[in-house]
Amino acid sequence: MTNSISILIKSPKFVIGAVVLLLTIALVNIYPLINTKDPLSMEALAFQPPDSKLILGSDNFGRDLFLELMYGIKTSIRVGLIAGVIATTIGLIFGLASGYIGGFIDDILTAITNIFIVIPSFIILILISVSINSRSSLVTAIIIGITSWPWTARAVRAQTTSLRNRDHVNIAKISGHSTTRIIIYEILPYIASYVVMAFVLQTASGILSEASISMLGLGPYNTISLGILMNWALVFEAPVAGAWWAFIPAALSIAIITFSLYLMNTGMDEIFNPKIRS
Amino acid sequence: MNAYTKYFVNKFLWYFVTLLIAVGLNFILPRLIEGNPVSIIVSQMTQGMTDSDTIKRVYETFMVEFGIDKPLGTQFLIYVKNLLMGDLGTSFGLYPKKVTDILASAVPWTVGLQLPAILVGWILGNVLGAVAAYKKGVFDKVIFPVALFINSIPFFTLAIIMLYVFGLTLKWFPLSGGYDFQMIPHLSFDFIFSVIRHHTLPFLSIVLVTIGGQAIGMREMSIYELNSDYVLYSKLLGIRDSKIAKYVFRNAMLPQITGLALSIGTMVGGSLICEIVFSYPGIGTWLFTAIRQLDYPLISGCTLLIAVSVLLANFTLEIIYGFIDPRIKAAQMEDH
């Protein structure tokens, strides 16, 4: 583990991605401690341009956009992480079960995975969100998580199948270890790097999904997220009012956060998968 | 039965099962709303309506359409029967307009926008990715991070930024709609010009994001192929570089077709939201309107239509793929 980390630190892509992400997380957690105002309180007139008092101006209700942005990034990252954990866990369990156990279970799980890869998860996301009346950001995160696991499942299955017949696994089998033990000690360590990468990607796509679904007006209630900020900007016609500060910072924040996650993923990929090093 | 027919039948059956599940989800999820969905829906949508006669008529229409008093199995059969007859129910928001009519008016816009945009983006992305992997150096150092950054921007974000820059600030292109609102759709030079002007910005924003994602995938595939043994061997044999590049491109290209099949769902989803930004008169904008008005029949009509088209696109790509990839053909032969 310490060894992998010391290799990772040598990858500039990974380091840049991680630093940007950590700085963002630090900023959005520290700023509300300094500026303890309620992000939903009115501070100025509608669509005031940025000035020395309000760094990013005000939105349609005259609220401080910079403060809203901080809370929005916080919610979006949290939703992304929870969705990432759920999607990776489901994918891992499905992938391990079908790859290691094989046979009938493999057939069924692979069929389910293939079906849910083809049906756009976006559609299922809309259908579930429409059907649930009270959505907190946690509920949104869970819905995103349970609709975006198939990719991880497929990748984990492929890796596990190739590991299943390796000698060290066979030795463990002959030694009479239980299936759980074999999976934990003989399979998991080999796919760990893969799983971490899948988690990073799932988090990024979780943030994007939250933004898309909130943009449609199906996001969590009673909270601010980056997607919700964009939805407000669009519903209250900020672009027509020329209020670029109402949507460009939120848009760039989404891009920067997902970019740093993708960058981390690419950095890891180049290290753990020497075949694609250029 | 020859190998390809077998491949075709196999794929067809799988897609049929998938289609059934997609339809099933479309049927069951809106019915999971607690209580009597019809009365909840009708009470939500008739809020503010004072004419009790209209409310009653709306209520009755949906009672019949949902068939809520019957058991779930029967409801599903009615649903499928209506589907097969091309009946998706009546819209709440635009009562008494049929969902099918609304969708029919929106489909040409969506197809006209998305199909060319996704294809152009896919082709350009693949070429750029291959070039980045092949030329390496400065070229790769520029293309790759740019592609990665564009790929991290959600579709609609780029759309909003383009709307702001080119539509509002520079005023090069109109802000919304599919054609100038004072025009009546007809075949004339003016109208076509207006359509093209409205088409440009949404088209470009979809193309750009698609290029990003595809270029990354293609670059990775090409680097993988360039490092493989046959490339080294061909080089040792003294085969011309351009010829090797051709081999590599072909080998890296094929998985990209499956890649297109698998990412088409995400792309369509993203492009739909892109439509909303430009109020383009397609499915996405209707979906947005439907969600805001809690127009369940229209929502489920949109989702069903999108799911079915994505499935069809996937199926077509897989069938084509089976034709052109010799490795798949070989696998079919072995099975035979």
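Since the model is a prediction, treat every value here as computed from it, not as a measurement.

(A) Expanded view of the environment of A:Gly80. All names here are of chain A. Its location among the elements puts glycine 80 in helix H3 (residues 65-101). Classification of glycine 80 as buried rests on a relative accessible area of 0%. If sequence neighbours within four positions are ignored, glycine 80 has contacts with Thr203, Gly206 and Ile207.

(B) Quick look at the interface of chain B and chain A. On the chain A side, the residues contacting the 52 residues of chain B number 51 residues. Summed over both sides, the interface between chain B and chain A buries roughly 4500 Å², with carbon and sulfur atoms accounting for 81% of that surface. For the chain B face of the interface with chain A, the top three residues by lost area are B:Ile160, B:Tyr164 and B:Leu262, together amounting to 13%. Summed over the shared surface of chain B and chain A, the result is zero residue pairs in polar contact (both at pLDDT 80 or more). For the side of chain B that touches chain A, the elements supplying multiple residues, two or more each, are helix H1 (3-28), helix H6 (137-152), helix H7 (155-169), helix H8 (189-226), helix H10 (241-277), helix H11 (283-292) and helix H12 (296-324) of chain B. Class assignment of the residues belonging to the side of chain B that touches chain A gives a composition of 37 nonpolar, eleven polar and four charged.

(C) Region of interest: the UniProt feature "transmembrane region" (unreviewed entry) in chain B. Residue and element names in this part refer to chain B. Under the UniProt annotation, "transmembrane region" (unreviewed entry) lies at residues 12-29, 113-134, 146-167, 187-211, 257-278 and 298-324. What you have in residues 113-134 is 100% helix and 0% strand, and the ends, taken at the C-alpha atoms, are 32 Å apart. In residues 298-324, helix accounts for 100% and strand for 0%; the two terminal C-alpha atoms are 39 Å from one another.

(D) Local environment of unusual backbone geometry. For A:Asn222, which is not a glycine, the phi torsion comes out positive at approximately 55°. Counting through the fold element by element, A:Asn222 comes out in the loop between helix H9 (179-215) and helix H10 (226-235). The class of A:Asn222 is exposed, set by a relative accessible area of 81%. Within the chain, B:Ser279 stands out as a residue other than glycine whose phi angle is a positive 45°. Among the secondary structure elements, B:Ser279 is positioned in the loop between H10 and H11. Taking relative accessible area as the criterion, B:Ser279 reaches 35% and is therefore assigned partly exposed.

(E) Local environment of the nonpolar core. Counting residues in each nonpolar core, the largest one holds 141 residues, and the members touching the most others are A:Ile126, A:Phe247 and B:Val277. When residues in this core are grouped by element, the largest group, 14 residues, is from H10(B). Counting residues domain by domain, this core receives three or more from each of domain 1 (1-93 + 295-312 + 326-336) and domain 2 (99-292) of chain B. The contacts of A:Ile126, once residues within four sequence positions are left out, are A:Ile213, A:Leu216, A:Leu218, B:Leu287, B:Ile291, B:Ile299 and B:Thr303. Core analysis: the second largest hydrophobic core is formed by twelve residues, A:Leu92, A:Leu163, A:Ile183 and A:Ile187 among them.

(F) Layout of the packing of aromatic side chains. Throughout the structure, instances matching the rule amount to 14 aromatic pairs over all chains. Judged by centre distance (5.6 Å) and plane angle (75°), the ring pair of A:Phe247 and B:Tyr164 falls under edge-to-face. Highlighted residues: A:Phe247 in the loop between H10 and helix H11 (248-272) and B:Tyr164 in helix H7, drawn from two different chains. Across the pair, exposure class does not vary: A:Phe247 and B:Tyr164 are buried alike. An aromatic cluster of three or more residues is present, and its members are B:Phe8, B:Phe12, B:Tyr15 and B:Phe315. Stacked on the ring of A:Trp232, the Lys or Arg A:Arg63 has its end atom at 4.5 Å from the ring centre.

(G) Examining H1(B) more closely. In this model H1(B) runs 38 Å from its N-terminal to its C-terminal C-alpha over 26 residues, within 8% of the 38 Å that 1.5 Å per residue would give. By the burial criterion, the buried members of H1(B) are B:Ala3, B:Tyr4, B:Tyr7, B:Tyr15, B:Thr18, B:Ala22, B:Val23, B:Gly24, B:Leu25, B:Asn26 and B:Phe27.

(H) Structural context of a nonpolar patch on the surface. A surface patch of nonpolar side chains, amounting to about 540 Å² of accessible area, comprises B:Phe8, B:Val9, B:Phe12, B:Leu13, B:Phe16 and B:Leu20. Mapped onto the fold, B:Leu20 is located in helix H1.

How each quantity is defined
Residues numbered from 1 in each chain as written. Chains lettered and ligands numbered in written order. Predicted model: local features only at pLDDT ≥ 70, side-chain atom pairs only at ≥ 80, totals over all residues. Heavy atoms only, no water. Helix = DSSP H or I, 4+ residues; strand = E, 2+ residues; numbered from the N terminus. Buried < 20%, exposed > 50% of the residue type's maximum accessible area, 1.4 Å probe, protein only. Contact = heavy atoms within 4.5 Å. Buried area = accessible area lost by both parts, 1.4 Å probe. Polar contact = N/O pair within 3.5 Å; in protein donor to acceptor, adjacent residues only side chain to side chain. Nonpolar A, V, L, I, M, F, W, Y, C, P; charged D, E, K, R; others polar. UniProt positions renumbered as here; feature names shortened; annotations may be inferred. Core = buried A, V, L, I, M, F, W, Y, C linked by side-chain atoms within 4.5 Å. Domains from an automatic or database assignment. Phe/Tyr/Trp six-rings, centres within 6.5 Å; stacked < 30°, edge-to-face > 60°. Lys NZ or Arg CZ within 6 Å of the ring centre and 35° of its normal. Expected span 1.5 Å × (residues − 1). Patch = residues over 30% accessible without salt bridge, like charges linked within 9 Å, V, L, I, M, F, W, Y side chains within 5 Å. Areas by Shrake-Rupley, 256 points an atom, 1.4 Å probe, with all protein chains shown as cover. Salt bridge = Lys/Arg side-chain N within 4 Å of Asp/Glu carboxyl O.

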